[in-house]
Amino acid sequence: MSSHTVGQQSKNMVDLANKYAVVAADFSHARIYAVDASAGATPETVTAPDPSHVNHTLFHHHGNPSGGFDIDRPETNEYLKTLSHALAPADKILLLGHGGGKANFSHLLESYLEKHHRDVAAKIVANVRADIDDLTDVEVLRLGEVYFNLNVPKRRTH
């Protein structure tokens, strides 16, 4: 699996040029898929920096009584910027997030794109709430095929 920690370059990034992208994103990491990837292909992973252990406190509320994610932290902005640049070459984008309201990182990402990268935001076809932690790579890619109206499924879901 290729991975990318914010602030570092990855040699094995997913090529999204003129392709459909599916992004399963939360506050700690994002998995980026090219829908036309061959069966068994692995996603690119972008990991959010967490020098203050914000992602840990998001779940445990230690030092974070609201349980919210602090959008004003520089590392949050860097994470969003990295995702924006990774998604820019895609033709269309499907966002998947598992939270509701302020806890849904995919909504935060979409808002960021609308404000700072309208060209990338315009490529979003849907922002879907899903249990992204439990979805396999094949299931994520199948969701992309459905949302992008690809007529013939390229993978089995079993």
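Keep in mind it's a predicted model, so treat the numbers as computed, not measured.

Quick notes on the rules
Residues numbered from 1 in each chain as written. Predicted model: local features only at pLDDT ≥ 70, side-chain atom pairs only at ≥ 80, totals over all residues. Heavy atoms only, no water. Buried < 20%, exposed > 50% of the residue type's maximum accessible area, 1.4 Å probe, protein only. Helix = DSSP H or I, 4+ residues; strand = E, 2+ residues; numbered from the N terminus. Pairing = 2+ DSSP bridges. Salt bridge = Lys/Arg side-chain N within 4 Å of Asp/Glu carboxyl O.

## A few points about the pairing of strand S3 (residues 29–34)
Here is step 1 of the chain: Taking burial as the measure, the six residues of S3 include five buried ones, the bulk of the element.
Here is step 2 of the chain: The pairing of strand S2 (residues 20–25) with S3 spans five bridges and is classified as antiparallel. In the strand pairing of S3, Ala21 is matched with Ala34.
Here is step 3 of the chain: Linking S2 to S3, which pair antiparallel, is a turn of three residues.

## So, the pairing of S2
Here is step 1 of the chain: By the criterion of burial, S2 is predominantly enclosed, with five of the six residues buried.
Here is step 2 of the chain: Where S2 meets strand S5 (residues 92–97), five bridges bridge the pair, whose relative direction is parallel. Bridge assignment links Ala21 to a residue of S5, and that residue is Ile93.

## Re the pattern of salt bridges
Here is step 1 of the chain: A full pass over the atoms with the stated rule returns four salt bridges.
Here is step 2 of the chain: The salt bridge partner of Arg31 is Asp137, with a shortest N-O separation of 3.6 Å. In this pair, Arg31 sits in strand S3 while Asp137 sits in helix H5 (residues 137–147), placing the two residues 106 residues apart along the sequence.
Here is step 3 of the chain: Note that Glu145 and Arg142 form a salt bridge whose closest N and O atoms lie 3.4 Å from each other. Highlighted residues: Glu145 and Arg142, both in helix H5, separated by three residues, approximately one helical turn.
Here is step 4 of the chain: Residue Arg142 is classed as partly exposed on the basis of its relative accessible area, which comes to 22%.

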